[in-house]
Amino acid sequence: MSIRDKFYPWANTLSRRSSVRMATLFGLGNLPAPGTWGSAVGVLLYPLFFGGLGMPAYVLFCLMLAYAAVGICDAAERHLQMKDPGMINLDEFAAMPFCFFSLFGHSYGGIGLLAGFALFRFFDIKKPLFIYRMQSLEGGLGCVADDIAAALTTAACLNVLSWFFPSVF
């Protein structure tokens, strides 16, 4: 039994049109630099939906968004017959809220959001450390896991920066 059949069987019911539209953020994935567009739209999730949440709800919503993204990206990859194509940018979108996990209860403002965006794009593009290996996971899990790893690395950096420079972030 595959990971797909075990953890997100509902993804098998998604049509080509619906899965590709959702995975490309309704066409943003067709623009130049699709990952940057997905990340930019994903940054908006933090102040609009996540900024005021307590940590348990924040983590729960991040995990729910990641779970949905894995299934949708998996279906889109299957329909497109491609592994993590650049046009799929739901993975960056879903990973962005993970960038702003705050270990110190810090709520990020404009500078923190810009720093998080820049750090995430760096880690997502360069894929240092263990991030590159995450792509080798099966299907949609590999598509999304490397972005979440980049986002958690970004969160670690932001937490360190906000610890040393609390008035800036």
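Everything below is about the structure shown above.
In this text the structure is predicted, and so the values were computed from the model without any measurement.

Participant: What should I look at first to understand the packing of aromatic side chains in this one?
Facilitator: Aromatic rings considered in pairs are described by the distance between their centres and by the relative angle of their planes. Inspection of every chain in the model, using the stated rule, returns 10 aromatic pairs. Between F50 and Y58, the ring centres sit 5.2 Å apart and the planes meet at 65 degrees, which makes this aromatic pair edge-to-face.

Participant: It is not clear to me how the side chain of S39 should be interpreted in this structure. Could you clarify?
Facilitator: Considering the arrangement of structural elements, one finds S39 in helix 3 (residues 34-43). Judged by relative accessible area, S39 falls into the buried class, the value being 0%. What S39 contacts, discounting residues up to four positions off in sequence, is E92, M96, F117, F120 and R121.

Participant: In this structure, what is going on with a nonpolar patch on the surface? I would like to understand it.
Facilitator: A cluster of nonpolar residues, L103, F104, I111, V160, W163, F164, F165 and V168, forms a patch on the protein surface that exposes about 910 Å² of accessible area. With 3 residues, helix 9 (residues 139-164) is the largest single contributor of residues to the nonpolar patch. With respect to the element layout, F104 can be found in the loop between helix 6 (90-95) and helix 7 (110-126). Residue F104 is classed as partly exposed on the basis of its relative accessible area of 44%.

Participant: Honestly, the packing of helix 3 against helix 7 in this entry has me stumped. Any pointers?
Facilitator: Angle between the axes and distance between the axes are the two parameters that describe a pair of packed helices. The N-to-C vectors of helix 3 and helix 7 enclose an angle of 150 degrees; their axes lie 11 Å apart at closest approach. In terms of orientation, helix 3 and helix 7 fall into the roughly antiparallel class. In the crossing of helix 3 with helix 7, the sense of the turn from one axis to the other is right-handed. Residues G35, T36, S39, A40 and V43 of helix 3 form the contact with helix 7, whose own contacting residues are L113, F117, F120 and R121. Here the residues of the contact of helix 3 with helix 7 are counted per class, giving 5 nonpolar, 3 polar and 1 charged.

About the cut-offs
Residues numbered from 1 in each chain as written. Predicted model: local features only at pLDDT ≥ 70, side-chain atom pairs only at ≥ 80, totals over all residues. Heavy atoms only, no water. Phe/Tyr/Trp six-rings, centres within 6.5 Å; stacked < 30°, edge-to-face > 60°. Helix = DSSP H or I, 4+ residues; strand = E, 2+ residues; numbered from the N terminus. Buried < 20%, exposed > 50% of the residue type's maximum accessible area, 1.4 Å probe, protein only. Contact = heavy atoms within 4.5 Å. Patch = residues over 30% accessible without salt bridge, like charges linked within 9 Å, V, L, I, M, F, W, Y side chains within 5 Å. Areas by Shrake-Rupley, 256 points an atom, 1.4 Å probe, with all protein chains shown as cover. Salt bridge = Lys/Arg side-chain N within 4 Å of Asp/Glu carboxyl O. Axes fitted to C-alpha atoms, helices over the stretch in contact; angles between N-to-C directions. Parallel < 35°, antiparallel > 145°, perpendicular 65-115°, else oblique. Left-handed = near helix turned anticlockwise from the far one by under 90°. Nonpolar A, V, L, I, M, F, W, Y, C, P; charged D, E, K, R; others polar.

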